[in-house]
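Spelled out from the first residue to the last, the chains are:
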Amino acid sequence: MENVKVNDDMLVLITELTGLEQNKLMLLAAIYTRKVQEIKANKIEKFRKYLLDEVSFYKRNLNKYSSQIDVYVEMYEKKIDEVIEQYEILYKYLQNEIAFAQTNQKIAVANFVASKRGLDKATSDNNIALIEKSNKKVFATAQKKLNYDVVIDQCTDKLKACIDDTIEAIEDIFAISSDKLLINPKGLIDKIKYNFMITFNGKKSFERNVILPLEIKLKSIRKTVMETIAETKFEIIACTSQLEKIRNDINCSFNETLNKVS
């Protein structure tokens, strides 16, 4: 009856730990998603403001360019979403791997406790054959638990890197410089030059200094986004291969320990 009671207590503990770990992973995912969406919203807001400021500076008719601005902003947002979506795939993959490793680790702990209990009984009964067998199980399950520690630590590090990479990618790829936006003239001569440029060359200056560089920048963004998505997909493939090998190594090590001839 005591063994049943201990097993029941262990099951309750494992269930409670699983719930806590799942809640922690969900909380981290929620924080990650909120942070990324905040950065995205900030980027879009700044991008639209940049375009409106340029239209204002060159005294262009906003009604004429509003639909064009909407197209630029829509494309800009779409490309941000593509980057976020790919990193979210990587994030969820790593999150699932952590949950899987944590589950297997708890199973290893439960088996360790059961094996240790079996070793204590075998020692008490002076059962030499069972002592040897139980010793192997104790060592094998303890080692399996430690091996899953390594898996969890590696996946956690990769998860943190994924968060940093997501933020860095959005910040770098979608950086729009407003350096070309001229400073509003203050002196009399600067105002005369500015008014002359706006009056006689405003449209051409706007097209040359704003629209053309912007379209080149957006084309560059599209290319960089494609490269980033490809790199992230390759990273998922590499992680899958690496973790599959680690899991196989853990199971092989476990089986070798159990079947090891003394």
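Everything numeric in this text was worked out from a predicted model, so none of it was measured. (Residues numbered from 1 in each chain as written. Predicted model: local features only at pLDDT ≥ 70, side-chain atom pairs only at ≥ 80, totals over all residues. Heavy atoms only, no water.)

Peer 1: Would you mind showing me how to read the overall build of the protein here?
Peer 2: The number of helices and strands found in the protein is 4 helices and 0 strands. If you list the helices and strands of the protein from N to C, you get α-α-α-α. Per-residue burial for the protein yields a buried fraction of 34% across its 262 residues. Contacts spanning at least 24 positions in sequence make up 88% of the contacts within the protein whose residues lie at least 6 apart. For the protein, the exposed area adds up to about 16,400 Å²; of that, 58% sits on carbon and sulfur atoms. (Helix = DSSP H or I, 4+ residues; strand = E, 2+ residues; numbered from the N terminus. Buried < 20%, exposed > 50% of the residue type's maximum accessible area, 1.4 Å probe, protein only. Contact = heavy atoms within 4.5 Å. Areas by Shrake-Rupley, 256 points an atom, 1.4 Å probe, with all protein chains shown as cover.)

Peer 1: Is there a simple way to explain empty space enclosed by the protein in this structure?
Peer 2: To find leftover empty space, one rolls a probe the size of a water molecule over the atoms. Enumeration according to the criterion identifies 3 cavities of 30 Å³ or more in this entry. Space inside the largest cavity adds up to approximately 40 Å³. Surrounding the largest cavity, Leu51, Val55, Tyr65, Gln68, Ile69, Tyr72, Phe206 and Ile211 form its lining. For the lining of the largest cavity, the elements supplying multiple residues, two or more each, are helix H1 (2-57), helix H2 (62-125) and helix H4 (188-259). Among the elements that take part in the lining of the largest cavity, H2 stands out by supplying 4 residues, more than any other. Looking at side-chain class alone, the lining of the largest cavity contains 7 nonpolar, 1 polar and no charged residues. By volume, the second largest cavity is sized at about 40 Å³. Ala140, Gln143, Lys144, Asn147, Ile250, Ser253, Phe254 and Thr257 together form the lining of the second largest cavity. Sorting the residues of the lining of the second largest cavity by element identifies helix H3 (128-173) and H4 as the ones contributing at least two each. Within the lining of the second largest cavity, the residues separate by chemical class into 3 nonpolar, 4 polar and 1 charged. (1 Å grid on protein atoms, 1.4 Å probe; cavity = no way out; pocket = protein on both sides within 12 Å on 5 of 7 lines; lining within 4 Å. Points joined across faces, edges and corners; volume = space filled by probe spheres on them. Nonpolar A, V, L, I, M, F, W, Y, C, P; charged D, E, K, R; others polar.)

Peer 1: I would appreciate a short explanation of the packing of H2 against H3 in the present structure.
Peer 2: Pairs of packed helices are described in terms of their axes, by the angle between the two and the distance that separates them. Interhelical geometry of H2 versus H3 gives an angle of 165 degrees and a closest axis separation of 7 Å. Judged on the interaxial angle alone, H3 and H2 are roughly antiparallel. Considering the relative orientation of H2 and H3, their crossing is left-handed. Across the contact of H2 with H3, the residue classes break down as 27 nonpolar, 13 polar and 8 charged. (Axes fitted to C-alpha atoms, helices over the stretch in contact; angles between N-to-C directions. Parallel < 35°, antiparallel > 145°, perpendicular 65-115°, else oblique. Left-handed = near helix turned anticlockwise from the far one by under 90°.)

Peer 1: Just to check I follow, could you spell out the side chain of lysine 43 for this structure?
Peer 2: Relative to the helices and strands, lysine 43 resides in helix H1. Residue classification places lysine 43 among the buried positions, given a relative accessible area of 12%.

Peer 1: How do you make sense of a negative patch on the surface when you look at a structure like this?
Peer 2: Residues Asp164, Asp165, Glu168 and Asp172 make up a contiguous surface patch of negative charge. Relative to the helices and strands, aspartate 172 resides in helix H3. (Patch = residues over 30% accessible without salt bridge, like charges linked within 9 Å, V, L, I, M, F, W, Y side chains within 5 Å. Salt bridge = Lys/Arg side-chain N within 4 Å of Asp/Glu carboxyl O. Lys, Arg positive; Asp, Glu negative; His and termini not counted. Charge placed at Lys NZ, Arg CZ, Asp CG, Glu CD.)

Peer 1: Help me understand the pattern of salt bridges in this model?
Peer 2: Side-chain pairing between opposite charges can occur once the charged atoms of the two side chains come close. Within this structure, the stated rule accounts for 14 salt bridges. Between lysine 40 and glutamate 77 there is a salt bridge, and its shortest N-O distance comes to 3.4 Å. Within this pair, whereas lysine 40 is found in helix H1, its partner glutamate 77 is found in helix H2, the two being separated by 37 residues in sequence. Between lysine 121 and aspartate 125 there is a salt bridge, and its shortest N-O distance comes to 2.9 Å. Of the two residues, lysine 121 and aspartate 125 are both situated in helix H2; the distance of 4 residues between them amounts to about one turn of the helix. The class for lysine 121 is exposed, based on a relative accessible area of 52%. Residues joined by salt bridges that share partners form a network here, namely Lys40, Glu77 and Asp81.

Peer 1: It is not clear to me how the packing of aromatic side chains should be interpreted in this structure. Could you clarify?
Peer 2: Two numbers describe a pair of aromatic rings. These are the distance of the centres and the angle of the planes. Tallying each qualifying case throughout the model produces 6 aromatic pairs. Seen in terms of ring centroids, tyrosine 58 and phenylalanine 206 are 5.8 Å apart; in terms of plane orientation they differ by 65 degrees. Their pairing is edge-to-face. With tyrosine 58 in the loop between H1 and H2 and phenylalanine 206 in helix H4, this residue pair connects regions lying 148 residues apart in the sequence. For the residue pair tyrosine 58 and phenylalanine 206, the accessibility class agrees, reading buried in each case. Here a set of aromatic residues connected by ring pairs shows up, and it is made of Phe57, Tyr58, Tyr65 and Phe206. (Phe/Tyr/Trp six-rings, centres within 6.5 Å; stacked < 30°, edge-to-face > 60°.)

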